[in-house]
Amino acid sequence: MKELSRCPVTISLILLGAAGYAIWGPVRYSGNLISFPDHLIGAFRHGDLSHLALNFLLILIGGTLTEPRVGSWQTAAIAMTCLLFGTGAELAVAGPGFVGLSAAAYGLVAHGVLITAPPERRIVTIALIALALSAEYLFLRPQIAVFTHITAAVIGAGFAMFNSLFGSKGPVLKPMELHHVSPVIAIIAQTDEDDAHEAEGTFLDDGVENMFVLQDRGRVLGVIGFDLDEQAPDLAWLSWTYLDQAQTGKGLGSQMLNDLLGKLAQQGVRKIFVETSDYEEFGKKIYASAHRLYEEFGAAVELTVPAYHSPTEAKIIYGLENPEAPEMATPEPTASTGLAITEIHKAAETDDVAGLRWTETTEGLSGLDQQLALAQQQHYRMAVLAIPSDLSDANAAALKDHGLHLCGTLKDFYGAGLHQCWWTRDLTEA
């Protein structure tokens, strides 16, 4: 169903054919179809249900192979070109009296099987298409519109070969623009509809700065972006990274990430953190392929916060050193060892986790009891505190006395040797 949701032209052709059959019924006599316009309208009429079903099946196969890869506009161009020239060829060579959507069907199938065939198998694929059309010509010519089929298949194959020979030399990562929002949202929705809804609001409200799309011949294949950290501007957080599911297995996710690392190195970003989760649907880990990609690049899990996004979904943070960035600086030591918890706020990507805001003080721990009590009053189920490792070490005993436990660290967050430590507390416990 997700594949069909990206094929509006394919679905429209099928619906138009179904509407024509519902309105006019099966064609009992086609002798009254004489002119070229008559036959263009007749493309949406069929002789019987088996004729209708066969064309629908071919359109469905060809359309779902073609449309997710080349886009709706080019798919519509292929279908219309095949209808026009396929109808004209049959009318010119064999004469009037034929109906059906076979021109669009044969054109889309020829295009779809060629565009998805590996380069080394295209000659064999073309030979098989030619063999099938030759068999039609030899054995079925009186019964079917053979010249329509041949012309449409040649046109569909021609589109595929033209794209292969004269298209761009490969996908390119480009800055995202507002007109990319719609295809990007469609790509995100393939994996997570909630993320797609959130991303759409973010793009429309805040813009698309620091976002990039992977494009090939004008078609958006993927999206990737980053946010600079507010506390450490030489750190970045990966954001909204998704690849069209039809493009998986081609190394495009690696290309996006590698190209982004190069762009971030030019800005002096030394490390990238990636927030993800262990979310499952029907026993399948939704982000498993993304995790493999991060790990192949050398990223490692630095922090796991159990039950963060929900009681059954953990927050996972990968850390990835940018090999092209300059060496990180060593931060100046601070004399302050105290910690004041000043307020709570709703933590990102969750509705019932309270983030604890803090400031440095001369010494000691203050304000934690009040803010934890306030979080419980507001029905938060967890509290999270992220602080530098020097403050964490100095206040570890006091934090433990207040029921917090050290969940993990993000290495070298503030600079060489100064990490970010995450402490959590379950607020549902008595």
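The structure displayed is predicted, hence computed values, not measured ones.

Undergrad: Give a description of the overall build of the protein that names residues and reports values.
TA: Check the secondary structure of the protein and you find 14 helices and 15 strands. Relative to the 2.2 N^0.38 estimate, which gives 22 Å for 430 residues, the radius of gyration of the protein is 30 Å and therefore markedly larger than a compact globule would have. With the principal axes as the frame, the protein shows a C-alpha extent of 95 × 45 × 35 Å. Taking all 430 residues of the protein together, 47% fall into the buried category. Taking the contacts inside the protein whose residues are at least 6 apart along the sequence as the reference set, 70% of them involve residues at least 24 apart. Just so you have it, the protein exposes about 21,500 Å², and 58% of that area is on carbon and sulfur atoms.

Undergrad: Just give me the short version of the sheet that holds strand E3 (residues 219–228), but keep the residues and values in it.
TA: Pairing is mixed in the open sheet, where seven strands are placed in the order E1-E2-E3-E4-E5-E9-E8. Taken across any chain shown, the strands that pair with only one partner, and hence form the sheet edges, are strand E1 (172–175) and strand E8 (300–310). Within the sheet, the average angular offset between the axes of one strand and its neighbour, ignoring direction, is 30°. Its contacts with the sheet place helix H9 (residues 181–191) against strand E2 (211–216), E3 and strand E4 (235–243), and it is angled at close to 85° to E3. The strands touched by helix H10 (residues 193–206) are E2 and E4; relative to E4, the strand with the most contacts, the crossing angle is about 120°.

Undergrad: Quick rundown of empty space enclosed by the protein? Include the residues and the values.
TA: Scanning the model with the defined rule gives one cavity of 30 Å³ or more in all. Lining the largest cavity are His39, Ala43, Leu83, Thr87, Phe98, Val99, Gly100, Ser102, Ala103 and Thr148. Listed by contribution, the elements that provide at least two residues to the lining of the largest cavity are helix H5 (72–93) and helix H6 (102–116). For the lining of the largest cavity, the per-class residue count stands at five nonpolar, five polar and no charged.

Undergrad: Describe in detail helix H12 (residues 288–296), supporting the description with residues and values.
TA: Within H12, the full set of buried residues consists of His291, Leu293 and Tyr294. Buried residues of H12, viewed axially, fall in a sector of 160°; they line one side. On the buried face of H12, the contacting elements are E4, helix H11 (252–266), strand E5 (271–277) and strand E9 (313–321). A positive phi of about 100° marks Gly298, the residue just after H12.

Undergrad: Tell me what's going on with a nonpolar patch on the surface, and back it up with residues and numbers.
TA: Residues Phe36, Met80, Leu84 and Phe85 make up a contiguous nonpolar surface patch of about 380 Å² in total accessible area. Among the elements that make up the nonpolar patch, the one with the highest residue count is H5 (three residues). Mapped onto the secondary structure, Phe36 falls in helix H3 (residues 36–42). Among the residues examined, Phe36 registers a relative accessible area of 30% and is labelled partly exposed.

Undergrad: Let's hear about helix H2 (residues 8–24): which residues, and what values?
TA: Helix length check: H2, at 17 residues, gives a terminal C-alpha distance of 24 Å against a target of 24 Å (1.5 Å per residue), a fit within 8%. Among all positions of H2, only Val9, Thr10, Leu13, Ile14, Gly17, Gly20 and Tyr21 are buried. Relative to the axis of H2, the buried residues are bounded by an arc of 145° and lie together on one face. Exposed residues lying more than 90 degrees from the buried face of H2 are Leu15, Ala22 and Ile23. Next to the buried residues of H2 lie helix H4 (49–70), H5 and H6.

Undergrad: Lay out the packing of H6 against helix H7 (residues 122–139) with the relevant residues and their values.
TA: As a packed pair, H6 and H7 sit with axes 10 Å apart at the nearest point and diverge in direction by 155°. In terms of axis orientation, H6 runs roughly antiparallel to H7. By crossing handedness, the relation of H6 to H7 is classed as right-handed. Taken together, the residues of H7 that come into contact with H6 (itself represented by Tyr106, Ala110, Val113 and Leu114) are Arg122, Thr125, Ile126, Ile129, Leu133 and Glu136.

Undergrad: Quick one: what's the story with the packing of H2 against H5, residue by residue and with numbers?
TA: The geometry of H2 relative to H5 is characterised by a closest axis approach of 8 Å and an angle of 40° between their N-to-C directions. By the angle between their directions, the pair H2 and H5 is classed as oblique. For the pair H2 and H5, contact is made by Pro8, Val9 and Leu13 and by Ser72, Thr75, Ala76 and Ala79, respectively.

Undergrad: Describe the pairing of strand E10 (residues 338–346), and please don't skip the residues or the numbers.
TA: Across a regular strand the side chains alternate sides, sitting on one face of the sheet and then on the other. Relative to strand E11 (residues 353–361), E10 runs antiparallel, the two being bridged by eight bridges. Paired with Ala340 across the bridge in E11 is Thr359. Hairpin remark: E10 followed by E11, antiparallel, with six residues in the connecting loop; positive phi at Glu349, about 60°. Pairing geometry for E10 and strand E12 (residues 365–366), over two bridges, is parallel. Across the sheet, Leu339 pairs through a bridge with Leu365, a residue of E12.

Undergrad: Before we move on, could you go through the environment of Thr330 and cite the residues and values that matter?
TA: Along the chain, Thr330 turns up in the loop between E9 and E10. The exposure class of Thr330 is exposed, given its relative accessible area of 61%. Along the primary structure Thr330 and Pro306 are separated by 24 residues, whereas in three dimensions their C-alpha atoms are 31 Å apart.

Undergrad: Which residues make up the packing of aromatic side chains, and what are the values?
TA: Each pair of aromatic rings is reported with the distance of its centres and the angle of its planes. Across all of its chains, the model carries seven aromatic pairs by this definition. Geometrically, the ring pair formed by Trp237 and Phe273 is tilted, given 5.2 Å between the ring centres and 35° between the ring planes. With Trp237 in strand E4 and Phe273 in strand E5, this residue pair connects regions lying 36 residues apart in the sequence. Exposure class is identical for Trp237 and Phe273. Each is buried.

Undergrad: So what's going on with the nonpolar core? Residues and values would help.
TA: Ranked by size, the top nonpolar core spans 28 residues in total, and within it Leu13, Ile59, Leu83 and Ile129 carry the most contacts. The set of elements that each furnish at least two residues to this core consists of H2, H4, H5, H6, H7 and helix H8 (146–166). The element best represented in this core is H6, accounting for seven residues. Look past the residues within four positions of Ile129 in its chain and what remains in contact with it is Ala110, Val113, Leu114 and Ala153. Ranked by size, the runner-up nonpolar core spans 23 residues in total, among them Leu214, Val274, Tyr294 and Ala299.

Cut-offs used in this document
- Residue positions are given per chain, counted from 1 along the sequence in the order it is written.
- In keeping with the model being predicted, local features are shown solely for residues with a pLDDT of at least 70 and side-chain atom pairs are shown and tallied solely at 80 or more, while totals for entire chains, interfaces and linings include all residues.
- Computation of side-chain values covers all heavy atoms of the structure but excludes hydrogens and water.
- To qualify as a helix, a DSSP run of H or I must reach at least 4 residues; to qualify as a strand, a run of E must reach at least 2; elements of each kind are numbered from the N terminus.
- Within these notes, the globule rule equals 2.2 Å times the number of residues to the 0.38 power, and the radius of gyration is based on C-alpha atoms.
- Here's how the labels work: a residue is buried when its accessible area is under 20% of the maximum for its type, exposed when over 50%, partly exposed in between, all with a 1.4 Å probe on protein chains only.
- Any pair of residues with heavy atoms lying within 4.5 Å of one another is described as a contacting pair.
- With residues, only the protein chains shown are counted as cover, and all accessible areas are computed by Shrake-Rupley using a 1.4 Å probe.
- DSSP-based pairing: two strands are paired if at least 2 bridges between them are found.
- Fitted lines through C-alpha atoms give the axes, limited to the stretch in contact for helices. The angle between two N-to-C directions lies from 0 to 180 degrees.
- Two kinds of site are reported from a 1 Å grid over the protein atoms alone, namely cavities, where a 1.4 Å probe fits but cannot get out, and pockets, open sets with protein on both sides within 12 Å along at least five of seven lines, and residues are called lining when an atom falls within 4 Å of a point.
- Grid points are joined across faces, edges and corners, and a volume is the space filled by probe spheres set on the points.
- Ten residue types, Ala, Val, Leu, Ile, Met, Phe, Trp, Tyr, Cys and Pro, are classed as nonpolar, four, Asp, Glu, Lys and Arg, as charged, and the remainder, Gly among them, as polar.
- The arc in question is formed by the directions pointing from the helix axis toward the C-beta atoms.
- Patches were defined on residues exceeding 30% relative accessible area and lacking a salt bridge, with like-charge contacts within 9 Å and nonpolar side-chain contacts (Val, Leu, Ile, Met, Phe, Trp, Tyr) within 5 Å.
- What makes a salt bridge here is a side-chain nitrogen of Lys or Arg within 4 Å of a carboxyl oxygen of Asp or Glu, nothing more.
- Given a helix with a known number of residues, its expected span is that number minus one, times 1.5 Å.
- Note on angle classes: values under 35 degrees are labelled roughly parallel, values over 145 roughly antiparallel, values of 65 to 115 roughly perpendicular, and the remainder oblique.
- We call a crossing left-handed when the near helix sits turned anticlockwise from the far one by less than a right angle, and right-handed when that turn is clockwise.
- When two rings of Phe, Tyr or Trp (its six-membered ring) have centres within 6.5 Å they constitute a pair, described as stacked for plane angles under 30 degrees, edge-to-face for angles over 60, and tilted for the intermediate range.
- Grouping buried Ala, Val, Leu, Ile, Met, Phe, Trp, Tyr and Cys residues that are joined through side-chain atoms within 4.5 Å yields what is termed a nonpolar core.

Spatial relationships are all this shows, so hold off on functional conclusions.
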